[in-house]
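Each chain, written out:
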Amino acid sequence: MSSFHLLIQTPDREIYKGPADLLTLFTDTGEMQVLPEHVSMLGSITYSAVRVQNEANHQDFVLRQGFLFVEQETNDVRVLGMTIEKTEELDLISAKEYLEFILSKLDKPDELNKYQLTFLEGQKMALEKQLGE
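Just so it is clear, the structure is predicted and the values come from calculations on it, not from any experiment.

J.: How do you make sense of the sheet that holds strand β6 (residues 58–71) when you look at a structure like this?
T.: In space, the 7 strands of this open sheet follow the order β2-β1-β7-β6-β5-β3-β4, with mixed pairing throughout. The open sheet terminates on both sides in strands that have one partner only, identified here as β2 (14–20) and β4 (30–34). Within the sheet, the average angular offset between the axes of one strand and its neighbour, ignoring direction, is 30°. Where strand β3 (residues 22–27) meets β4, 5 bridges bridge the pair, whose relative direction is antiparallel. Looking at the pairing, F26 lines up with E31 of β4.

Have a look at this one:
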């Protein structure tokens, strides 16, 4: 299977660098999947679950405040975010901070599109269950 080069980073560190077969995330215009040779594009991301898939495995991340850059000519994809954490590395404090962030966004539903609203409601329920709230 063909792949593309993926770089996921924050201002202070690289989170993932290497080949990927599929990238799934939510831009501010909705859910999208990036495959090898994807058309060039730029997308903004307020918050998103991010899944990187390779041949037989996947890695999941949570991203807040970032951008997606896809360059078809070089088959490169970059995801830049202010905060990006591996899902399994979210600690209690991060989870509570993320829940507060979600609640602040859900307080202003008119500023969200239907994809963002659905995603945040699902994240809220999952976090509340995880935190026992």
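From this point on, the discussion continues.
J.: I keep staring at the pattern of salt bridges and nothing clicks. Help me out?
T.: Any two side chains of opposite charge can pair if their charged atoms end up close together. Enumeration according to the criterion identifies 2 salt bridges in this entry. In this structure, the salt-bridge partner of R51 is D60, at a minimum N-O distance of 2.7 Å. The shortest N-O distance in the salt bridge between R64 and E85 comes to 3.4 Å. Of this pair, R64 sits in strand β6 while E85 is found in strand β7 (residues 76–86), placing the two residues 21 residues apart along the sequence.

Reading the values: rules and limits
Residues numbered from 1 in each chain as written. Predicted model: local features only at pLDDT ≥ 70, side-chain atom pairs only at ≥ 80, totals over all residues. Heavy atoms only, no water. Pairing = 2+ DSSP bridges. Helix = DSSP H or I, 4+ residues; strand = E, 2+ residues; numbered from the N terminus. Axes fitted to C-alpha atoms, helices over the stretch in contact; angles between N-to-C directions. Salt bridge = Lys/Arg side-chain N within 4 Å of Asp/Glu carboxyl O.

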